[in-house]
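# Geometric and topological summary
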Amino acid sequence: MKHFYSWILLFVTLFLNSWATAAENKPAVIKIDLDRAIGEIDPNLYGNFIEHLGKCIYGGIYEPGNPLSDADGFRSDVIKVVKELSVPILRWPGGNFTSGYHWMDGIGPREKRPARVELAWGAVESNAVGTDEFIAYCRKIGTEPYICINLGTGTWEEARNWVEYCNRPKGTEYADLRARNGHEEPYHVKYWGLGNEIDGPWQMGYKNAEDYAKYALEAAKLMKWMDKDIKLIASGSSNFGADWITWNRTVLNTLRDQIDYISLHTYVGNPKDNFYEFMAQTRPVDERIEITAGLIREAQIRGNRHKPIYIAFDEYNVWHRANAQLEVPYVLASFLNSFVRHADSVKMANMAQLVNVLAPIHTEKQGLYLHTIYFPLQLFARYSHGVALDAFVQCDTFDAAGFTKIPYLDVSAAYNPQKKLVILNVVNRHKDQAIEARILNQTGAWTGKAAIYELYQEDLKAANSFDSQPVKPVEKTADCGTDAITYRFPAHSFTTLCLPIR
Ligand code: AHR
């Protein structure tokens, strides 16, 4: 009898579950309207980050003596794939590392540079790579340098001297030092971060919001007096267990006259190995951006200040993953979708990190291979430019990790007026069902052939390694017709569609 009731209960549960799924069953529709512009997409959304951590720099980008390295000690094979990633901006030297870093340790003849115990990650820092090497690397890969200063254990004086070393013409102490180190011309480093994650107790020189804001304000003043053309990024929230909104509000209200950006950091994970909970993890990203954009507005109104302040999402990624399986690039694509959907307020983002540390590129002495997350970033950096569009998306939803009504299709859209292309980035977060969507252009007709780049493998745990690289995008084309396009997004997939319009 007991068994009989258990069976009944099981059948009822199964019936209710399938009814619940079927009951929703909305036809998937994506509507594009070129008039619904969100804002210009800043190419810096596709930036990256290198830190003195693990094998990111030493053994990653820099490995003198390796036959794969160039005359300056930089790995040529890494440079090649970094260039193919079209990195517009590169943040350095940390991360947590920067809060104990004294830049003078890393300049001048190598044999005179001190080796130091590095407290952020418990390593020994040789200082073989310092400011001049970082700038040389940026030049090699064709990227804009972004230096994050030490506002943990560092001083205002060090900060202003670093700007002088990098940006002033010869004729004063630190600019002359640069020239003596072989670099006559100023580097003109435009982007400077005012410390890293100072709201986290894990940080060397952790401060409360008021103390950080006051300290950063004086650093900012001196740095801008040294070079009025630099752009400053305040250390915004990274500690979401704490009162992050108050942190951002205090920082913005104190620093609003000096800063050009406030940073946000977010790492997500999949500790329970649960597909839907993992797919839901990027849900708070939109919220954090929107709340911070509101706080920026509040600070501007309070200060009667109309010069823009933007968000620099200068660290994001999936933490502690096993070999970057196929689920991971979908989550990465959702981060990028979120940045594009907020292109009016997010004007920079930096994946953490470029090589070996949670990274798209994995090196060993004998060579490298590309992790799955390389591909969404590359597709966005190649195609998603122009104006971000507010796409209308109708599709079924799921509930997971305490979030409700999460659309299976996670979408961002852009219009490239030069190329007359609409670019759609779509993650299908359904684990086992393909979703067929009608894609409508509200302001004109589609035309010609669409180029489609699809990242998909049946095995969700597929990953790349030295031995095999099964995960990479497949390129396809399709006739557009003039009316609605119907496209079937495979279960658990990421697709970029480039759709020509008249
Ligand atoms: O990217 C790794 C670390 O994560 C960075 O050093 C720090 O800023 C963040 O907590």
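Residues numbered from 1 in each chain as written. Predicted model: local features only at pLDDT ≥ 70, side-chain atom pairs only at ≥ 80, totals over all residues. Heavy atoms only, no water.

Structurally, Arg 288 can be placed in helix H9 (residues 283–303). One buried charged residue, Arg 288, forms no salt bridge at all, with the nearest opposite charge on Glu 287 at 6.4 Å. Here Thr 266 takes part through its side chain, which lies 3.1 Å from a polar atom of the side chain of Arg 288. Beyond its immediate stretch of four places on either side in the chain, Arg 288 contacts Phe 240, Trp 244, Leu 264 and Thr 266. (Helix = DSSP H or I, 4+ residues; strand = E, 2+ residues; numbered from the N terminus. Buried < 20%, exposed > 50% of the residue type's maximum accessible area, 1.4 Å probe, protein only. Lys, Arg positive; Asp, Glu negative; His and termini not counted. Salt bridge = Lys/Arg side-chain N within 4 Å of Asp/Glu carboxyl O. Polar contact = N/O pair within 3.5 Å; in protein donor to acceptor, adjacent residues only side chain to side chain. Contact = heavy atoms within 4.5 Å.)

Of note, the bond from Trp 92 into Pro 93 is cis; its omega dihedral lies within 30 degrees of zero at 0°. Among the secondary structure elements, Pro 93 is positioned in the loop between strand E4 (89–92) and strand E5 (116–118). Here the phi dihedral of Leu 358 falls at roughly 55°; this positive angle occurs in a residue that is not glycine. Tracing the backbone shows Leu 358 in the loop between strand E12 (346–352) and strand E13 (361–364). In this structure, Lys 420 is a non-glycine residue whose phi angle is positive, near 50°.

What follows covers the pairing of strand E9 (residues 231–234). Relative to E9, strand E8 (residues 191–194) is paired through four bridges, and the arrangement is parallel. Within E9, the position partnered with Tyr 191 by the bridge is Lys 231. Sheet topology note: the E9/strand E10 (residues 261–268) ladder contains two bridges and is parallel. Across the sheet, Ala 234 pairs through a bridge with Ile 262, a residue of E10. (Pairing = 2+ DSSP bridges.)

Among the 13 residues in the neighbourhood of the ligand, the closest are listed as Glu 51, Asn 96, Glu 197, Tyr 267 and Glu 315. The side chain of Glu 51 places a nitrogen or oxygen atom 2.6 Å from an oxygen atom of the ligand. Tyr 267 places a side-chain nitrogen or oxygen 2.7 Å from an oxygen atom of the ligand. Look at the ligand: alone it shows 290 Å² of surface, and the protein chains cover 94% of it. Per-class residue counts for the shell around the ligand are six nonpolar, four polar and three charged. (Near = heavy atom within 4 Å. Areas by Shrake-Rupley, 256 points an atom, 1.4 Å probe, with all protein chains shown as cover. Nonpolar A, V, L, I, M, F, W, Y, C, P; charged D, E, K, R; others polar.)

Looking now at the packing of helix H6 (residues 209–226) against helix H7 (residues 244–255). In the contact formed by H6 and H7, the axes pass within 9 Å of each other and the chain directions differ by 30°. Between H6 and H7, the interaxial angle falls into the category roughly parallel. In this structure, H6 meets H7 at a crossing whose hand is right-handed. When H6 is examined against H7, the residues Ala 209, Glu 210, Tyr 212, Ala 213, Lys 214, Ala 216 and Leu 217 are found in contact with a partner set consisting of Trp 247, Thr 250, Val 251, Thr 254 and Leu 255. Across the contact of H6 with H7, the residue classes break down as eight nonpolar, two polar and two charged. (Axes fitted to C-alpha atoms, helices over the stretch in contact; angles between N-to-C directions. Parallel < 35°, antiparallel > 145°, perpendicular 65-115°, else oblique. Left-handed = near helix turned anticlockwise from the far one by under 90°.)

Turning our eyes to something else, we now look at helix H11 (residues 374–383). In an α-helix, one turn spans 3.6 residues; hence positions three or four apart end up facing the same way. Burial analysis of H11 places eight of its ten residues in the buried class, the great majority of the element. Every buried residue of H11 is listed here: Tyr 374, Phe 375, Pro 376, Leu 377, Gln 378, Leu 379, Phe 380 and Ala 381.

Below, the discussion takes up the sheet that holds strand E16 (residues 392–394). Spatial ordering of the open sheet is given by E16-E1-E21-E24, a layout of four strands whose pairing is mixed. Every other strand in the sheet has two partners, leaving E16 and strand E24 (485–489) as the edge strands with one partner each. Direction aside, neighbouring strands of the sheet carry axes that sit 20° apart on average.

What follows deals with the packing of aromatic side chains. In this structure the tally under the stated criterion is 32 aromatic pairs. Between the aromatic rings of Trp 156 and Tyr 215, the centroid separation amounts to 5.1 Å while the plane-to-plane angle is 40°, which identifies the pairing as tilted. With a gap of 59 residues between them, Trp 156 in helix H4 (residues 156–167) and Tyr 215 in helix H6 connect regions that are remote in the sequence. Arranged with centres 4.9 Å apart and planes meeting at 40°, the rings of Phe 313 and Phe 339 form a pair that is tilted. Note that Phe 313 is positioned in strand E11 (residues 310–318) and Phe 339 in helix H10 (residues 327–341), a separation of 26 residues in sequence. Here the two residues Phe 313 and Phe 339 agree in accessibility, since each one is buried. Through a chain of ring-to-ring contacts, three or more aromatic side chains come together here, namely Trp 92, Phe 97, Tyr 101, Trp 103, Phe 134, Trp 162, Tyr 165, Tyr 174 and Trp 192. Taking the ring centre of Phe 49 as reference, the NZ or CZ of Arg 91 above it sits at 4.7 Å. The ring of Phe 240 has Arg 288 lying over it, and the distance from NZ or CZ to the ring centre is 3.6 Å. (Phe/Tyr/Trp six-rings, centres within 6.5 Å; stacked < 30°, edge-to-face > 60°. Lys NZ or Arg CZ within 6 Å of the ring centre and 35° of its normal.)

Of the pairings in the sheet, the one linking strand E17 (residues 397–400) to strand E18 (residues 403–407) comprises three bridges and is antiparallel in character. What sits directly across from Thr 397, in E18, is Pro 407. Once E17 ends, the chain turns through two residues before running back antiparallel as E18, passing Ala 401 with a positive phi of about 50°.

All right, on to the sheet that holds strand E25 (residues 493–500) then. Taken in spatial order, the seven strands of this open sheet run E2-E15-E19-E20-E25-E22-E23, and their pairing is antiparallel. With partners counted over all chains shown, the strands left at the sheet margins are strand E2 (37–40) and strand E23 (474–479), one partner each. The average angle at which neighbouring strand axes cross in this sheet is 20°, direction not considered. Where E2 lies against strand E15 (residues 387–389), three bridges are found, and the strand directions are antiparallel. Counted as the bridge partner of Gly 39 is Ala 388 from E15. Its contacts with the sheet put H10 on E2, E15, strand E19 (409–416), strand E20 (421–428), strand E22 (449–455) and E25, and the angle it makes with E19 is roughly 50°. Helix-sheet contacts for H11 involve E19, E20, E22 and E25, and the interaxial angle to E25 is about 15°.

Another aspect to go through is the pattern of salt bridges. Inspection of the entire model under this criterion finds 30 salt bridges. Its salt-bridge partner being Glu 277, residue Lys 272 comes within 3.1 Å of it at the nearest N-O pair. Taking the shortest distance from any N to any O, the salt bridge between Lys 449 and Asp 479 comes out at 2.8 Å. Placement of Lys 449 in strand E22 and of Asp 479 in strand E23 is noted, with a sequence separation of 30 residues between them. Look at Asp 479 and you get exposed, because its relative accessible area is 60%. Via salt bridges that share partners, Glu 63, Arg 75, Asp 77 and Lys 365 belong to a single interconnected network.

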